[in-house]
Amino acid sequence: MSKVAVIGGGIIGVATAYELAKLGEEVILFEKSYFGSGSTFRCATGIRAQFTDEANIRLMKHSVRRWEGLEEELGFDINFRQTGYLFLATSEEEVKAFKNNIRLQNRFGVPTRLIGMEEAKEIVPILNTEPFLAGAWNPKDGKANPFKTLFAYLFRAREMGVDAREHTEVVALEREGDTIKAVKYRSNGRVESVKVDAVLNAANAWAPLINEMAGLKRDLVPIKAYKHQLVKTEPLEPGQAEPLVCPPSWNDAYIIQDGEDGGIICGAGIEHEARGLNDYEPTYDFLRGVLRYATMIAPPLKYAHIVRQWAGFYAKTPDKNPAIGRLLDNFYIAAGFSGHGFMMAPAVAQAVAELMANGRSRVPLDWEWYDPYRFERGELRSSAFQIG
Ligand code: FAD
């Protein structure tokens, strides 16, 4: 058994700590604030296998399978529901692109199909069908509650002995050669140190700072934080917009009915690089812009009250694919999820834990595709379609 430090108490760090404990590792998990306080508790809840490249489709196919069994495995309600994702095309060119994507997804067993607007209206009763020509519909995509999911993983991780520490910030890493020997952390104003055999950087938007602590260049994995916001309406009757509905050509705008209270969560690609890693202030520009799109997608939303607006980070790499893999002998990274970390967590956590504990994994994760050194080599993957 070795001692593994996981840095970052978002869904990736917590789920990986759980998977490592399942494999018999001794785990210490550090979160500088409260668990979920980074991007995880600010996300839009969406889970999809509708990607446009083989690596992400295969990873998400596996992740959805893990999501399907997660309530039973963790023994908690996490409100995982397969309510689908519906992408909407506004031009013939887009319909053609949808058909190509669907062919690729079908090849890997993802049951997406092209649907007409009549069927789309049955699935989403408040949909304005007029601007759209067709939809890409996968009923196996879905959503889950990020709060319940993280706490379920955390509970089971602690039960297996994970030493999970909140308000405990990693401040330095001690490196000898290509090995991290110890982690220094601050808690209650005191700095202490713990010897470790391996370290995972799961700090997402903060990951470049952790890499720097490991003596690597800060921009070796060039992750930048983009402020991404959401607004939510008052609760509507269930069944109005259960799937995530998105016309990508409208600035990646989307709506999705919250699986808990029935409010409609509205998002869009109206974003800018964060002004520092505390830039959580919601903006009026976003509110105005996102509601224009949301009411074009679903006109009845004009009459719904907005009850919340919030901001978080999309921690983006240049190709919008995460960096997953080994950086030094015993130093690993799973970060830069670019808006997809919640949905990918069950698969990525399993893969990374298996890699760290056994040197290989059974998860169909294409290590070369997500290689954290690809940016240094000047390689970029085809850009993963960005929305949640
Ligand atoms: P985080 O949750 O950000 O966790 C990283 C943690 O590291 C933080 O809690 C931070 O405090 C901690 N940390 C940093 N530095 C240190 C340190 N020195 N010591 C200790 N701890 C440290 N994804 C989806 O899959 N579906 C969606 O529908 C979706 N919608 C989104 C909507 C919005 C508005 C936003 C902002 C994001 C959305 N995402 C979505 C993205 C998703 O939220 C993230 O990809 C995911 O939560 C990343 O999880 P993580 O654990 O990697 O990072």
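In this text, all values refer to a predicted model and were calculated from it rather than measured experimentally.

1. Considering the overall build of the protein chain
At step 1: Helix and strand counts for the protein chain stand at eight helices and 20 strands.
At step 2: Relative to its length of 388 residues, the protein chain is compact, with a C-alpha radius of gyration of 20 Å against a globular reference of 21 Å.
At step 3: Each of the 388 residues in the protein chain was classed as buried or not, and the buried ones make up 59%.
At step 4: Contacts spanning at least 24 positions in sequence make up 72% of the contacts within the protein chain whose residues lie at least 6 apart.
At step 5: Of the roughly 15,600 Å² of accessible surface on the protein chain, 47% is carried by carbon and sulfur atoms.

2. Re helix α7 (residues 284-297)
At step 1: Over its 14 residues, α7 extends 20 Å from the first C-alpha to the last, a length consistent with the 20 Å expected when each residue adds 1.5 Å.
At step 2: Within α7 the residues assigned to the buried category are Phe286, Leu287, Gly289, Val290, Tyr293, Ala294, Thr295 and Ile297.
At step 3: Tucked inside the fold, the buried residues of α7 contact β13 (224-235), β14 (244-246), β15 (254-257), β16 (263-267) and β18 (306-316).

3. Quick look at the UniProt feature "domain: FAD dependent oxidoreductase" (unreviewed entry) in the protein chain
At step 1: Mapped onto this structure's residue numbering, the UniProt feature "domain: FAD dependent oxidoreductase" (unreviewed entry) falls at residues 3-355.
At step 2: Along residues 3-355 one finds 30% helix and 30% strand; the C-alpha atoms at either end are 15 Å apart.

4. Considering the packing of helix α2 (residues 54-74) against helix α8 (residues 341-358)
At step 1: Where α2 meets α8, the axes come as close as 8 Å, and the angle between the chain directions of the two elements is 90°. As judged from the angle between their axes, α2 and α8 are roughly perpendicular. Contact residues: Asn56, Leu59, Met60, His62, Ser63, Arg66, Trp67 and Leu70 in α2; Phe342, Met343, Met344, Ala345, Pro346, Ala347, Val348 and Gln350 in α8.
At step 2: Its residues placed into classes, the contact of α2 with α8 shows 11 nonpolar, four polar and one charged.

5. Thoughts on the site of the ligand
At step 1: Surrounding the ligand, one finds 38 residues, the nearest of these being Glu31, Ser39, Thr40, Gly341 and Met343.
At step 2: A distance of 3.0 Å separates an oxygen atom of the ligand from a polar atom in the backbone of Ile12.
At step 3: Measuring from an oxygen atom of the ligand, one finds a backbone N or O atom of Gly341 at 2.8 Å.
At step 4: Across the complex, the protein chains shield 99% of the 1,000 Å² of accessible surface that the ligand would expose by itself.
At step 5: Those elements that place two or more of their residues in the shell around the ligand are α1 (11-22), β9 (168-176), β13, β18 and α8.
At step 6: Of the residues that constitute the shell around the ligand, the class distribution is 17 nonpolar, 17 polar and four charged.
At step 7: Looking at which domains feed residues into the shell around the ligand, each of domain 1 (1-84 + 140-223 + 318-388) and domain 2 (88-139 + 224-316) gives three or more.

Rules behind the numbers
Residues numbered from 1 in each chain as written. Predicted model: local features only at pLDDT ≥ 70, side-chain atom pairs only at ≥ 80, totals over all residues. Heavy atoms only, no water. Helix = DSSP H or I, 4+ residues; strand = E, 2+ residues; numbered from the N terminus. Rg over C-alpha atoms; globule rule 2.2 N^0.38 Å. Buried < 20%, exposed > 50% of the residue type's maximum accessible area, 1.4 Å probe, protein only. Contact = heavy atoms within 4.5 Å. Areas by Shrake-Rupley, 256 points an atom, 1.4 Å probe, with all protein chains shown as cover. Expected span 1.5 Å × (residues − 1). UniProt positions renumbered as here; feature names shortened; annotations may be inferred. Axes fitted to C-alpha atoms, helices over the stretch in contact; angles between N-to-C directions. Parallel < 35°, antiparallel > 145°, perpendicular 65-115°, else oblique. Nonpolar A, V, L, I, M, F, W, Y, C, P; charged D, E, K, R; others polar. Near = heavy atom within 4 Å. Polar contact = N/O pair within 3.5 Å; in protein donor to acceptor, adjacent residues only side chain to side chain. Domains from an automatic or database assignment.

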